[in-house]
Amino acid sequence: MKKTTIEILHIFAGLVVAIAITWAAAWSYPLGQDVIWACGAAAMVATVLMGVGPLRRARRLDRTTRRSEA
């Protein structure tokens, strides 16, 4: 469960950073807020999609580790 938790925290951290950067960019350039938030949303979706593979591998490793310890 340790590796899975770490991967989930990495995805969460990526989303927090993407939201912070998007918010700062939208705040600093109000005329482009719509485009900035659309690009930020795309970056957040990409962050989640890129995290799916490592998350699946981590779950698989956690399962095999738990079985070998039992």
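Here's what I pulled together on the structure shown here.

What counts, and at which threshold
- Residues numbered from 1 in each chain as written.
- Predicted model: local features only at pLDDT ≥ 70, side-chain atom pairs only at ≥ 80, totals over all residues.
- Heavy atoms only, no water.
- Helix = DSSP H or I, 4+ residues; strand = E, 2+ residues; numbered from the N terminus.
- Expected span 1.5 Å × (residues − 1).
- Buried < 20%, exposed > 50% of the residue type's maximum accessible area, 1.4 Å probe, protein only.
- Contact = heavy atoms within 4.5 Å.
- Bend = angle between axes of the 7 residues up to and from the residue.
- Phe/Tyr/Trp six-rings, centres within 6.5 Å; stacked < 30°, edge-to-face > 60°.

**A look at helix α1 (residues 2-28)**
Here's step 1: Taking 1.5 Å of rise per residue, 27 residues should cover 39 Å, and α1 covers 39 Å from first to last C-alpha, within 8% of that figure.
Here's step 2: For α1, the complete set of buried residues consists of Thr4, Ile11, Ala18, Thr22 and Ala26.
Here's step 3: Of the surrounding elements, those touching the buried residues of α1 are α2 (33-69).

**Things to note about α2**
Here's step 1: In a regular helix each residue adds 1.5 Å, so 37 residues correspond to 54 Å; α2 covers 52 Å between its end C-alpha atoms and thus fits that length.
Here's step 2: The sharpest bend along α2 reaches about 30° and sits at Val52, with the proline Pro54 one to four residues further on.
Here's step 3: For α2, the complete set of buried residues consists of Ile36, Gly40, Met44, Thr47, Gly51, Ala58 and Asp62.
Here's step 4: In the core, the buried residues of α2 are packed alongside α1.

**Notes on the packing of aromatic side chains**
Here's step 1: Counting across every chain of the model gives one aromatic pair.
Here's step 2: Here the aromatic rings of Trp23 and Trp27 are separated by 6.4 Å at their centres, their planes lie at 15°, and the arrangement is stacked. Here Trp23 and its partner Trp27 are both found in helix α1, four residues apart, which amounts to about one turn of the helix.
Here's step 3: On the basis of relative accessibility, which here comes to 62%, the residue Trp27 falls in the exposed class.

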